[in-house]
Amino acid sequence: EEKVKRIDSATDKARAREKDSDRLKVEENVFDVPTLKILYTLSNKGIIKAMGGAISTGKEANVFYAEGDEKELAIKIYRMASSTFKAMDAYIMKDPRFTNIRNNRRDIIFAWTRKELQNLKRAKSAGVRVPEPIVAEKNVLIMEFMGEEKKPYPLLKNTPLEDDEAKLVYNKIVEYMHLLYKEANLVHADLSEYNILIDPADKTPVFIDMGQSVTLEHPNAREFLYRDVLNILRFFGRYGITDKPEELLSKIQAE
Ligand SMILES: N#C/C(=C\c1ccncc1)C(=O)NCc1ccccc1
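Residues numbered from 1 in each chain as written. Predicted model: local features only at pLDDT ≥ 70, side-chain atom pairs only at ≥ 80, totals over all residues. Heavy atoms only, no water.

1. Here's the deal with the pairing of strand E1 (residues 48-57)
Part 1 of the argument: Where E1 and strand E2 (residues 61-68) come together, six bridges link them in antiparallel fashion. Along E2, the bridge assignment pairs serine 56 with valine 63. (Pairing = 2+ DSSP bridges. Helix = DSSP H or I, 4+ residues; strand = E, 2+ residues; numbered from the N terminus.)

Structure follows, in structure tokens:
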């Protein structure tokens, strides 16, 4: 009996240590001194009132909850030690809006952050539901928090849907892809169930993660659009959506 108790408490301690090291890992990699200076400046400007916990953690960025002046914020911090900055190349160096940046890590990551702000602005003004973009400062992007009571809306991937609900969500996503294409002149270029949030109140989709989104002038824009189309049809196939890629493409590109 005594032995079992000792093992349990040792296990708990080990788990606690592991959790802390995870949290520390996230914090230490992303909160380097320059990033902390930016957050400090933004809090001095009254934009950030208090930083919260991590909403999403990934290899190229982390998203944190924060309290803003009047509303809740999501703070997306691109990792400067990011291993995927080479991948960013393919999207940014051929984008006519960013041809003049030097090909080094800092400049690419800063340009990428600005690009996500600009793309969110264009998407928003085209009528696509996205987080309201607020400010981009170097590798830090501040936007509206999409959630309730510090709890972010769930990803489409993690949202149980009845077939009839799924049809409505699909139609809304198709409408947003059409608006993005016709009104914002943009292709998301990484659209999938991992980059769409669902507002639980009315099941409307929210497009997120537009750092890689490209304008139709980008040489690979149609190829990226086709990939988005295949991702969406693959996911909604399970709900009985039978659109063919060409049918969805024509809905998106229709006048
Ligand atoms: N933008 C954004 C995101 C959420 C969000 C929630 C609530 N309000 C605004 C944004 C998000 O998870 N993006 C995907 C991601 C980013 C970084 C690492 C892993 C995964």
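Following the structure, the description resumes.
2. A closer look at the domain arrangement of the protein chain
Part 1 of the argument: Parsing the protein chain into structural domains produces domain 1 (2-148) and domain 2 (152-253).
Part 2 of the argument: At the junction of the two partners, domain 1 supplies 26 residues and domain 2 supplies 31 residues.
Part 3 of the argument: Across the interface of domain 1 and domain 2, roughly 2,200 Å² is buried in total on both sides, 61% from carbon and sulfur atoms.
Part 4 of the argument: There are two salt bridges connecting domain 1 and domain 2.
Part 5 of the argument: Among the salt bridges present, the one from arginine 129 reaches aspartate 199, with a minimum N-O distance of 3.1 Å.
Part 6 of the argument: Where domain 1 touches domain 2, the interface holds 13 residue pairs in polar contact (both at pLDDT 80 or more).
Part 7 of the argument: For the side of domain 1 that touches domain 2, the secondary structure elements donating two or more residues are strand E3 (72-78), helix H3 (85-92), helix H4 (105-125) and strand E6 (147-148).
Part 8 of the argument: A breakdown of the residues in the side of domain 1 that touches domain 2 according to their chemical character gives 14 nonpolar, three polar and nine charged. (Domains from an automatic or database assignment. Contact = heavy atoms within 4.5 Å. Buried area = accessible area lost by both parts, 1.4 Å probe. Salt bridge = Lys/Arg side-chain N within 4 Å of Asp/Glu carboxyl O. Polar contact = N/O pair within 3.5 Å; in protein donor to acceptor, adjacent residues only side chain to side chain. Nonpolar A, V, L, I, M, F, W, Y, C, P; charged D, E, K, R; others polar.)

3. Focus on helix H7 (residues 245-253)
Part 1 of the argument: Buried within H7 we find Pro245, Leu248, Leu249 and Ile252. Each buried residue of H7 sits inside an arc of 105° when the element is viewed along its axis, so together they form one side. (Buried < 20%, exposed > 50% of the residue type's maximum accessible area, 1.4 Å probe, protein only. Arc of directions from axis to C-beta.)

4. Topic: the packing of aromatic side chains
Geometry of an aromatic ring pair is reported as the spacing of the ring centres plus the angle between the planes.
Part 1 of the argument: Taken as a whole, this structure holds nine aromatic pairs when the rule is applied.
Part 2 of the argument: Chaining the aromatic ring pairs together yields one cluster made of Tyr170, Phe235, Phe236 and Tyr239.
Part 3 of the argument: Residue placement shows lysine 115 over the ring face of tryptophan 112; its charged tip is 4.7 Å from the ring centre. (Phe/Tyr/Trp six-rings, centres within 6.5 Å; stacked < 30°, edge-to-face > 60°. Lys NZ or Arg CZ within 6 Å of the ring centre and 35° of its normal.)

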